[in-house]
Amino acid sequence: MKNKSKLKKIKNPTKTNCPKEWLYLNPAEVTPRQIAEVFEKEDRFAAQLWEEAGVVEIELGENAKSIDMEKTGADLGDEDSNQYLMERNIISVYLVTIVPEDERIAYEAMRCVTASLGGYFCGDTEDFTPVIK
């Protein structure tokens, strides 16, 4: 029995607590084009823009997946979340999806966005954690 439990642990070495769903929040107006332009100067990452859909796909490299960012309104669907946005004067809200197994490189790309445009990423969780500024 002990050997079986060890095998289960070995089979899932990439298990992570990183959320798949995130939010990008900014008190300034940030367009999808501005996000895509951040990656025009980056060698490690590339971005594809679907301007009419309000979507940016950030490609994380050969072996990694991508980050999808979709602009949405400032309504997160519940009173507490909307209060959080109001208290922080958040104007730009993006729904963000990452592959948790690529969290390290995804965090690097997220930091490129925040370094250029401000704002922050937070987990789309009950307590809005983790946070990347």
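Residues numbered from 1 in each chain as written. Predicted model: local features only at pLDDT ≥ 70, side-chain atom pairs only at ≥ 80, totals over all residues. Heavy atoms only, no water.

### Notes on the sheet that holds strand 5 (residues 92–97)
What counts, and what does not: Between any two strands, at least two bridges found by DSSP are needed for them to pair. Note on conventions: DSSP H or I runs of at least 4 residues are helices, E runs of at least 2 residues are strands, and numbering of each starts at the N terminus. The contact rule is simple, with two residues in contact once any of their heavy atoms fall within 4.5 Å. Fitted lines through C-alpha atoms give the axes, limited to the stretch in contact for helices. The angle between two N-to-C directions lies from 0 to 180 degrees.
Reading across from one edge, 2-3-4-5-1-6-7 is the order of the 7 strands in this open sheet, with antiparallel pairing throughout. The open sheet has two free edges, formed respectively by strand 2 (46–50) and strand 7 (131–132), since each of these has just one partner strand. Where strand 1 (residues 21–26) and strand 6 (residues 120–123) come together, 4 bridges link them in antiparallel fashion. Among the inter-strand pairings, Trp22 is bridged to a residue of strand 6, identified as Gly123. Helix 4 (residues 103–117) rests against strand 1, strand 3 (55–59), strand 4 (66–72), strand 6 and strand 7 of the sheet, and its axis sits at about 10 degrees to strand 1.

### Digging into the pattern of salt bridges
Opposite charge on two side chains lets them pair, provided their charged atoms get close. Rules: The salt bridge definition used is simple: a Lys or Arg side-chain nitrogen within 4 Å of an Asp or Glu carboxyl oxygen. Only protein chains enter the accessibility calculation, which uses a 1.4 Å probe; a residue is then buried when its area is under 20% of its type maximum, exposed when over 50%, and partly exposed in between.
Following the criterion strictly, the structure yields 6 salt bridges and no others. For Lys71, the salt bridge goes to Glu29, with nearest N and O atoms at 3.2 Å. Pair noted here: Lys71 is in strand 4 and Glu29 is in the loop between strand 1 and helix 2 (32–38), with a separation of 42 residues, a long-range link. Its salt-bridge partner being Glu51, residue Arg33 comes within 2.6 Å of it at the nearest N-O pair. Taken together, the residues Arg33 in helix 2 and Glu51 in the loop between strand 2 and strand 3 connect sequence positions 18 residues apart. What makes Glu51 partly exposed here is its relative accessible area of 42%.

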